[in-house]
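Report on the structure
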Amino acid sequence: MSQTASTIRDDHETGICLARSVVSTLAEEPALEAVTIDRTHQKISVATLGPTNAEKLGQRITEQFERAQQSSIEATCSLLTGSGDCFSCKLPLTSEELQRITIQHSGCTTTIARVTCPTAPKFWRWRNLPFPKVVQRDIEFLEHADDHGHDHTDEWKAQLVLAIACGALGLVAAYAMPEQWRTAIFVLSYLAGAWFPAEEVWERLRQRAIDVHFLMLAVAIGSASIGAWGEGATLLFLFSLSGALEHYALGRTQKEIRSLFRDAPKTATILDARGNEQEVNVQSLAAGMRLLVKPGSQFPVDAEILKGNTAADESNLTGEAAPVEKKIGDAVLAGTLNLWGAVEAAVLRPAAESALQKIITLIKDAQQQKAPSQQFTDRFSTWYTYSVLALSAAMFFVWWLAFNLPPFTSTIELKSAFYRTMTLLVVASPCALVLSIPSAVLAAIAWGARHGVLIRGGAAVEKLADVNVVALDKTGTLTTGELRVEKVESFPEGRESEIARLAFSLDRLSTHPLARAVTRHGKQQGFVPVEFAHFESVTGQGVKGRCESGECFLGRREWVESQRRTLLQPDSVSNNPPADSRIVPPTDPGFSEVWLAQAGLLGRIILRDDIRPQAQGVVDELKRSGLRTVVLTGDRHATAEFLKTTLHLDEVRSELKPEEKVAAIKSLSDAGDRVAMIGDGVNDAPSLAVAHVGVAMGARGSDAALEQADVVLMHDRLENFLAAYRLSQRARRIIRQNLVVSLGTVAVLVVFALIGKIPLPVGVVGHEGSTVVVVMNSLRLLFGGVPKQSRDTK
């Protein structure tokens, strides 16, 4: 067949396979009109007509195409192994289906569309989707139960029992059984060793996929077919043993993560308007409902204390063992334990949006985000697997026809071509390579989660080790973020309570650390909030709203003054001595201020935010590690310089708006630096997004910051950044060690297999031994973690 004809056939057959996967979606999604796959530019485009759920539709199309891609690869593998046609995965479309769709090819682009009127495409809306990748194997570590609720984290125990049974029966058959019983005992050995691998192979075959388990079973069956029962039993024993150890390692990772979360309560006690108690399902709770939480009970959802005092055990969320005092106005987190006081609390958000659920979602997402080196090995191992299959098939004929070895019959002195082919296939299989990176990444993520550091995927694990500049926000990062109101001032004097009440009424709608302090102060003072008909947050400046008495502005001194002079009535302004807020002296270093202005009213609230006790030690340790420290803050210059002098920081940039923080990080990156940005607020989210690594402070951080962060430091423990940095460095070293072990072992064994100097049992030992070494080496991250001095900076 000519190359042109082959290309036409490939495109036609691929189109049929893709059409088979898309046609059902077209039938079930009336808004979907067409799908275009561009292999050259790695892009999928979908056309819709009318209202549709674009996200759900895109996910469905991507999943369908992944299966179609996988089918195409499996067919190639089928050809290499001699088991079928290379297009066996593609079923022909029926005449009825062909009447409903059209398939058009243009180079490497395929378009599948409904049969419709000629004018309809003019009204189609096109959207681009990410091009899916087919990877060999994913390791899931958080989802520990199947659809029936069965837990698989201890499955390794049964695997280990069967592996030992396989080895024992193999030894008995080889050395202790008469000839007439030997085959039967070997069959029992095969059944014990192949039981769990066969289950996994069957599951993969149902998905039209194969992996290394399939190759190992094929070699074992091939060994039995030529009478090499002992070699096949050795293969199955070592393979099932390494599988049990692998599941043990991943099971330990699962347990470490699951131990972070207590079983969340299923019910909660709510109070009605008359104070009557009622037991309800947690899922039915809505924001604003009033809860009664008794001592020894868990807080069912994120809530705010309205009445009473207590302390909460937040160790399952933050890794902090010390009880956290809770009083009126403080927030409590779902899944944490109320230690001693009966309290009433108001629901802040539904259970599905709680901090606990947020953390679980972060960990789930982490497994899907692969390290750059794993992305490379995924691409490499896919190509490598099929190359090994092709090489093994070719070497069979080379040994048989070129070296005149017997094709299937082996003797003690001379092994057959088939025997050598199976040896080559075993030693060249990329089992250790496939596990080398994800096993280390998952162990690092599990160790971090257990110690209050949530790492969102393998990419973050590797990238953090490259950092040479650490940029930090001030409020809530180097300082405690637990600001408290020191003083309220009004101009003229005597209207301080009005200033405090209006500030409380505006700030209760904001999430900024300054706003939380003002809101807490207002609740403790028992202020009744003023109702605002309009509220708007101005990022990096403040908030504004409209109430019955007019426009009200709350925020930075300069912004409030400009708004006051531009929008408020001139006569109102002139009646306010002093007329210019800039005449008022600034606060002392270490204090913050927030200004409020309304017609006829001007004032400020002075707040204090203490430097974290651990901040000095963290900065010193960062310097000893060769990292440069840069603080990016919106605070005034005097406060920033006070911080620089106190903590001996390398550089401080002050009075920055959010976009200026982004520009600062970009300038550092353009200069060749790898920047880790640590922040906690909404205004830090853009900076976290553009940094090489974004680090968010605490489970209490804003949703925007958590969404952009690669690493989350629980319980606002700044010193945990050092632990994360050391962990990343150690994980990178172990990943490199694993790659050297896996690739080096394959290289050595393949050379000996090609020259025929290695028997199958020795090849099996080398192959499975390297897999066990890689998994056990990765477990050092889980059990060893990082040096203590990097975790407990004083």
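Further up the page is the structure itself.
Residues numbered from 1 in each chain as written. Predicted model: local features only at pLDDT ≥ 70, side-chain atom pairs only at ≥ 80, totals over all residues. Heavy atoms only, no water.

**Here we look at the overall build of the protein chain**
When its secondary structure is counted, the protein chain shows 27 helices and 27 strands. Considering the protein chain as a whole, with its 794 residues, one finds that 51% of them fall into the buried category. Across the protein chain, the fraction of contacts at a sequence separation of at least 24, relative to all contacts at a separation of at least 6, is 68%. When the accessible surface of the protein chain is totalled, it reaches about 36000 Å², and 56% of it is carbon and sulfur. (Helix = DSSP H or I, 4+ residues; strand = E, 2+ residues; numbered from the N terminus. Buried < 20%, exposed > 50% of the residue type's maximum accessible area, 1.4 Å probe, protein only. Contact = heavy atoms within 4.5 Å. Areas by Shrake-Rupley, 256 points an atom, 1.4 Å probe, with all protein chains shown as cover.)

**Observations concerning the side chain of Gln159**
With respect to the secondary-structure elements, Gln159 resides in helix α4 (residues 155–175). Exposure remark for Gln159: the relative accessible area of 5% places this residue in the buried category. When residues no more than four places from it in sequence are discounted, the contact partners of Gln159 are Phe196, Glu200, Gly243, Ala244 and His247.

**Some words on the pairing of strand β25 (residues 675–679)**
Counting buried positions over the five residues of β25 gives five, a clear majority of the element. Judged by which residues are buried, β25 turns out to be covered on both faces: Val675, Met677 and Gly679 on one side and Ala676 and Ile678 on the other are all buried. In this sheet, β25 lies alongside strand β16 (residues 469–472) in parallel orientation, the contact comprising four bridges. Of the residues in β25, the one forming a bridge with Val469 is Val675. Of the strand pairs in this sheet, β25 and strand β26 (residues 693–697) are connected by four bridges, and their pairing is parallel. (Pairing = 2+ DSSP bridges.)

**Observations regarding the sheet that holds strand β23 (residues 628–632)**
Strand order in the open sheet formed by seven strands is β15-β27-β26-β25-β16-β23-β24, with mixed pairing between adjacent strands. Each edge of the open sheet carries a strand with a single partner, namely β15 (453–455) and β24 (651–653). This sheet shows a mean twist of 20 degrees between the axes of neighbouring strands, independent of strand direction. Taken together, the three bridges between β26 and strand β27 (residues 711–713) define a ladder with parallel strand orientation. Note on β27: the bridge partner recorded for Val695 is Val711. (Axes fitted to C-alpha atoms, helices over the stretch in contact; angles between N-to-C directions.)

**A word on the sheet that holds strand β19 (residues 542–547)**
Spatially, the six strands line up as an open sheet ordered β17-β22-β21-β20-β19-β18, and their pairing is antiparallel. Both edges of this open sheet fall to β17 (484–491) and β18 (534–538), since each of them pairs with a single strand only. Taken pair by pair, the neighbouring strands of this sheet meet at an average axis angle of 15 degrees, ignoring direction. Alignment of β19 against strand β20 (residues 550–555), held across six bridges, turns out to be antiparallel. Residue pairing across strands places Val543 opposite Leu554, the latter belonging to β20.

**Quick word on the nonpolar core**
Taken as a class, soluble globular proteins show a tendency for nonpolar side chains to be buried jointly. Grouped together as the largest cluster of nonpolar side chains are 50 residues, with contacts concentrated most on Leu478, Val711 and Phe721. Here this core gets 10 residues from one element, more than from any other, and that element is helix α25 (residues 720–754). Look past the residues within four positions of Phe721 in its chain and what remains in contact with it is Leu464, Val470, Leu622, Ala676, Ile678, Val695 and Leu713. Formed by 42 residues, the second largest nonpolar core is a distinct cluster that contains Val201, Leu217, Phe396 and Leu749. (Core = buried A, V, L, I, M, F, W, Y, C linked by side-chain atoms within 4.5 Å.)

**Some points on a nonpolar patch on the surface**
Judged by side-chain polarity, Leu391, Val748, Val751, Phe752, Leu754 and Ile755 come together as a nonpolar surface patch covering roughly 490 Å² of accessible area. Of the residues forming the nonpolar patch, the biggest block, four residues, is contributed by α25. When you line up the elements, Leu754 lands in helix α25. A relative accessible area of 32% means that Leu754 is categorised as partly exposed. (Patch = residues over 30% accessible without salt bridge, like charges linked within 9 Å, V, L, I, M, F, W, Y side chains within 5 Å. Salt bridge = Lys/Arg side-chain N within 4 Å of Asp/Glu carboxyl O.)

**Remarks on the side chain of Asp673**
Structurally, Asp673 is set in the loop between α22 (658–670) and β25. Within the local environment of Asp673, its side chain forms a polar contact with the side chain of Asn468, the two groups lying 3.2 Å apart. Within the structure, Asp673 has its side chain in polar contact with the side chain of Arg628 (distance 3.4 Å). The residues contacting Asp673, other than those within four sequence positions of it, are Asn468, Val469, Arg628 and Leu668. (Polar contact = N/O pair within 3.5 Å; in protein donor to acceptor, adjacent residues only side chain to side chain.)

**Some details on the pattern of salt bridges**
Applying the stated criterion across every chain yields a total of 28 salt bridges. A salt bridge links Asp330 to Lys327; its shortest N-O distance comes to 3.9 Å. Taking relative accessible area as the criterion, Lys327 reaches 34% and is therefore assigned partly exposed. Among the ionic pairs, Lys487 bridges to Glu489, the shortest N-O distance being 3.2 Å. A cluster of three or more residues bridged by salt bridges with shared partners is formed by Lys487, Glu489, Arg557, Glu593 and Arg604.

**Focus on the environment of Glu621**
As for its position among the elements, Glu621 is in helix α20 (residues 615–624). Judged by its relative accessible area of 12%, Glu621 is buried. Along the sequence, Glu621 and Glu719 sit 98 residues apart, while their C-alpha atoms lie 9.5 Å from each other.

**Brief notes about α22**
The terminal C-alpha atoms of α22, which comprises 13 residues, lie 18 Å apart, in line with the 18 Å expected from a rise of 1.5 Å per residue. Those residues of α22 that fall on the buried side of the exposure criterion are Pro658, Lys661, Val662, Ala664, Ile665 and Leu668. Within α22, the buried residues cover an arc of 160 degrees as seen down the axis, which keeps them to one side. The inward-facing, buried residues of α22 abut β16, β23, β24, β25 and α23 (685–690). Just beyond α22, the residue with positive phi is Gly672, at close to 100 degrees. (Expected span 1.5 Å × (residues − 1). Arc of directions from axis to C-beta.)

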